[in-house]
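Notes for the structure review
So you can see what is in the structure, the chains are spelled out below.
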Amino acid sequence: LKQIPLFESLNDSERRRLESLLQRRSLEKGEILFHKGDIGSTFYIIIKGLIKIGVSNKLGDEVTLALLRDGDFFGEMALLDEQPRSADATALEDSILYVLDRNDFFPFLIENENAVRSILRALSMRLRRTDDLFAELSFLTVSARLAKRLLELAKPTQTHGEEPGEFRVQMSQRELAAMLGVTRESINKELKILKDKGMVTTSRNAIIIKDLDRLKRRTR
Ligand code: CMP
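Rules used in this analysis
Residues numbered from 1 in each chain as written. Predicted model: local features only at pLDDT ≥ 70, side-chain atom pairs only at ≥ 80, totals over all residues. Heavy atoms only, no water. Helix = DSSP H or I, 4+ residues; strand = E, 2+ residues; numbered from the N terminus. Buried < 20%, exposed > 50% of the residue type's maximum accessible area, 1.4 Å probe, protein only. Contact = heavy atoms within 4.5 Å. Areas by Shrake-Rupley, 256 points an atom, 1.4 Å probe, with all protein chains shown as cover. 1 Å grid on protein atoms, 1.4 Å probe; cavity = no way out; pocket = protein on both sides within 12 Å on 5 of 7 lines; lining within 4 Å. Points joined across faces, edges and corners; volume = space filled by probe spheres on them. Nonpolar A, V, L, I, M, F, W, Y, C, P; charged D, E, K, R; others polar. Near = heavy atom within 4 Å. Polar contact = N/O pair within 3.5 Å; in protein donor to acceptor, adjacent residues only side chain to side chain.

- Under an unreviewed UniProt entry, the name given to the chain is cAMP-dependent transcriptional regulator, and the organism recorded is Syntrophus aciditrophicus.

1. Focus: the overall build of the chain
- Assigned secondary structure in the chain consists of 8 helices and 11 strands.
- Reported as C-alpha extents along the three principal axes, the dimensions of the chain are approximately 60 × 40 × 30 Å.
- Evaluated residue by residue, the chain yields a buried proportion of 40% over its 220 residues.
- Within the chain, residue pairs in contact and separated by at least 24 positions form 65% of the contacts whose partners lie at least 6 positions apart.
- For the chain, the exposed surface amounts to about 13,200 Å²; the carbon and sulfur share of it is 50%.

2. A few points about the layout of surface pockets
- One number sums up the size of the second largest pocket: a volume of about 160 Å³.
- What lines the second largest pocket is simply Ile32, His35, Lys52, Gly54, Val55, Ser56, Glu62, Val63, Asp88 and Thr90.
- Those elements giving two or more residues to the lining of the second largest pocket turn out to be β4 (51–56), β5 (62–68) and β7 (88–91).
- The biggest single contributor to the lining of the second largest pocket is β4, with 4 residues.
- Of the residues contributing to the lining of the second largest pocket, the split by class is 3 nonpolar, 4 polar and 3 charged.

3. Re the site of the ligand
- Taken together, 13 residues lie around the ligand, and Gly75, Glu76, Ala78, Arg85 and Ser86 are the ones closest in.
- Backbone polar atom of Gly75 to an oxygen atom of the ligand: 2.8 Å apart, as the coordinates give it.
- A distance of 3.4 Å is found between an oxygen atom of the ligand and a backbone nitrogen or oxygen belonging to Met77.
- Burial of the ligand by the surrounding chains reaches 93%, relative to a free accessible area of 460 Å².
- Broken down by secondary-structure element, the contributors of at least two residues to the shell around the ligand are α2 (76–81) and α4 (113–139).
- It is α2 that provides the largest number of residues to the shell around the ligand, a total of 3 residues.
- When its residues are assigned to classes, the shell around the ligand shows 7 nonpolar, 3 polar and 3 charged.

4. A look at the environment of Arg218
- Tracing the sequence through the fold places Arg218 in the segment after α8 (212–217).
- Setting aside its immediate chain neighbours within four residues, Arg218 contacts Ser143, Ala144, Ala147, Glu190, Ile193, Leu194, Lys197 and Met199.

Put into structure tokens, the structure is as follows:
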């Protein structure tokens, strides 16, 4: 529990008490924990793993709202506003979670001011991110958004045999489309333009950036 930012400020006896209230839940890679619209009465903290928060339409197009990792929490919204789950939660890797029931969530918050601060801080950061994303969606073209996202995700590894100065984005076109909130066809079209210009090459699950500086110029 000490490793989890939300519980950092608890003293030993508070921690022991909380431990007695928490259940553990394991998820296999690909397992869906809940769907948007489900009734929710539990709060989750990720001990280990990777959870995708996303929404989809009837055609099966998906948008990833967030990727949550070790120490992150989720599921607080349904508890706080007493509405159904606002999004789907799916494990992208084998994951282990702590589960806290609604009946224990509120007493825990009342007793732990620092935990309340952590949750409010995290909610505020999420809203900030969503505002940035909203501005991006309103002001930038798909091509600028793609360039921006590729630069954020680019890793300067040479472990896959890239040349010096090349960068790798380990992600499928489907995942990229979901992150940008656009269809796969439109990502495909944009990548083709970048390929034709010699800025990137693509393989099955990765995009190799050949010319970082030219890609940077496309972010405006
Ligand atoms: P809840 O609505 O109970 O279930 C889905 C959860 O996903 C939600 O609570 C939040 O914890 C989390 N969530 C929803 N939207 C976002 C977002 N934009 N960024 C991070 N987490 C989110």
